[in-house]
Amino acid sequence: MLKVDKINVYYGAIHALKGISLEVNEGDIVTLIGANGAGKSTTLRTISGLLRPKTGGISFEGQPISSLAAQKIVKLGISQVPEGRRIFANMTVFENLELGAYVRSDKKGIQEDLAKVFSRFPRLAERRSQIAGTLSGGEQQMLAMGRALMSRPRLLLLDEPSMGLAPLLVKEIFSIIKEINQTGTTILLVEQNAHMALSIAHKAYVLETGRITLSGPAQELAASEDIRKAYLGG
Ligand code: ATP
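Criteria and cut-off values
Residues numbered from 1 in each chain as written. Predicted model: local features only at pLDDT ≥ 70, side-chain atom pairs only at ≥ 80, totals over all residues. Heavy atoms only, no water. UniProt positions renumbered as here; feature names shortened; annotations may be inferred. Helix = DSSP H or I, 4+ residues; strand = E, 2+ residues; numbered from the N terminus. Buried < 20%, exposed > 50% of the residue type's maximum accessible area, 1.4 Å probe, protein only. Lys, Arg positive; Asp, Glu negative; His and termini not counted. Salt bridge = Lys/Arg side-chain N within 4 Å of Asp/Glu carboxyl O. Polar contact = N/O pair within 3.5 Å; in protein donor to acceptor, adjacent residues only side chain to side chain. Contact = heavy atoms within 4.5 Å. Phe/Tyr/Trp six-rings, centres within 6.5 Å; stacked < 30°, edge-to-face > 60°. Lys NZ or Arg CZ within 6 Å of the ring centre and 35° of its normal. Domains from an automatic or database assignment. Buried area = accessible area lost by both parts, 1.4 Å probe. Nonpolar A, V, L, I, M, F, W, Y, C, P; charged D, E, K, R; others polar. Pairing = 2+ DSSP bridges. Axes fitted to C-alpha atoms, helices over the stretch in contact; angles between N-to-C directions. Parallel < 35°, antiparallel > 145°, perpendicular 65-115°, else oblique. Left-handed = near helix turned anticlockwise from the far one by under 90°.

Naming follows an unreviewed UniProt entry, where the chain appears as Abc transporter of Lucifera butyrica. Its UniProt record, at the heading Sequence similarities (unreviewed entry), says of the chain: "Belongs to the ABC transporter superfamily."

And the structure:
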């Protein structure tokens, strides 16, 4: 479904991604794990069109996308939940969700998806008129995910959804991610919480300073001695 082919991405003189290749098959949860600064967010931002690779290419369902505008990529069916949620803090929950559908014009479909988001996240339904900036961290993560789902993505990019959340909430968010996947959305998940990410993913890639150093079925990686030492606390 998604193919990233030897991309090189720079921030000025900083060579952030050094020939990264990865593949996401339809229906899977694929996770990208690695330490701080390895290039995980940069990879997602490049896929969603916020950064351009200097060389290499990205294709989605066979179509090259690495030179398309970000909005066009959303329209094709890829939506990103950014690190740190980035909700619109001064707007209500409802307005944030509405904005998630900004690339669509099918009113009926938007209403259906809104109802789906509210049934998946009952707390958002209860708080639909609340100013988003006053939500708790977990609720803001749910809102950011709900907003991304409002574009009806076929591929959802999630950047550190567990960041800053208490363990119980992390569990809840991960079970929601699994559910979203089981109802037909393919997921590329960036996480520092390798343990949780590997527990729900089908396939995993390990990123170290801009390079993929290891990849394979998530269960195999979870069992690997090197991964346990480096990312799972021994
Ligand atoms: P984190 O979990 O901290 O976000 P990450 O694995 O997502 O880590 P990136 O944020 O993708 O890593 O960063 C990859 C490299 O690019 C790092 O060396 C980082 O310092 C650098 N970098 C990231 N954003 C910028 C930027 N806007 N300008 C310059 N360098 C940047």
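This brings us to the side chain of aspartate 159. Tracing the backbone shows aspartate 159 in strand β7 (residues 155-159). No salt bridge is formed by the buried aspartate 159, whose closest oppositely charged neighbour, arginine 45, lies at an N-O distance of 5.6 Å. For aspartate 159, the side chain forms a polar contact with the side chain of serine 41, separated by 2.9 Å. Setting aside chain neighbours within four positions, we find aspartate 159 in contact with Ser41, Leu44, Gln80, Val81, Pro82, Glu83 and Val190.

With that settled, consider the packing of aromatic side chains. According to the stated counting rule, one finds 0 aromatic pairs in the structure shown. We note lysine 54 situated over the ring of tyrosine 10; from NZ or CZ to the ring centre the distance is 4.7 Å.

It is worth spelling out the pattern of salt bridges at this point. Throughout the structure, instances matching the rule amount to 11 salt bridges. A salt bridge links glutamate 112 to lysine 108; the nearest nitrogen and oxygen atoms lie 3.8 Å apart. Linking glutamate 112 with lysine 108, this pair stays in helix α4 (residues 107-120), spanning 4 residues, or about one helical turn. Judged by relative accessible area, which is 39%, glutamate 112 ranks as partly exposed. Classification of lysine 108 as exposed rests on a relative accessible area of 65%. In this structure, a network of salt bridges that share partners links the residues Arg104, Asp106, Lys108, Glu112, Asp113, Lys116 and Arg152.

Next up on the list: the domain arrangement of the chain. Each domain of the chain was delimited in the assignment, giving domain 1 (1-77 + 155-161 + 188-234) and domain 2 (79-152). On a C-alpha basis, the centres of domain 1 and domain 2 stand 24 Å from each other. Across the boundary between the two partners, domain 1 contributes 16 residues, which contact 13 residues of domain 2. Interface area, domain 1 with domain 2, both sides summed: about 1200 Å², of which 55% is carbon and sulfur. Per-residue buried area on domain 1 facing domain 2 is highest for Val74, Leu156 and Asp159; these three make up 37% of the total on that side. Along the contact surface separating domain 1 from domain 2 lie 0 salt bridges. Secondary-structure elements contributing two or more residues to the side of domain 1 that touches domain 2 are α1 (40-47), α2 (70-76) and β7. A per-element tally of the side of domain 1 that touches domain 2 places β7 first, with 5 residues. Grouping the amino acids of the side of domain 1 that touches domain 2 by side-chain chemistry returns 8 nonpolar, 4 polar and 4 charged.

Here the focus is the sheet that holds strand β2 (residues 14-24). An order of β2-β1-β4-β5 is seen for the 4 strands of this open sheet, with the pairing classed as antiparallel. Here the strands that pair on one side only, and so sit at the sheet edges, are β2 and β5 (63-64). Sheet contacts for α1: β1 (2-11), β2 and β4 (55-60); angle to β1, the most-contacted strand, approximately 115 degrees.

Interaxial distance between helix α6 (residues 137-149) and helix α7 (residues 167-182) falls to 10 Å at its minimum, and their mutual angle equals 15 degrees. Taken together, the axes of α6 and α7 lie roughly parallel to each other. Regarding α6 and α7, the two cross each other, and that crossing is right-handed. Of α7, the residues touching α6 (which contributes Gly138, Gln141, Met142, Met145 and Leu149) are Leu169, Glu172, Ile173, Ile176, Ile177 and Ile180. Looking at the contact of α6 with α7, its residues break down into 8 nonpolar, 2 polar and 1 charged.

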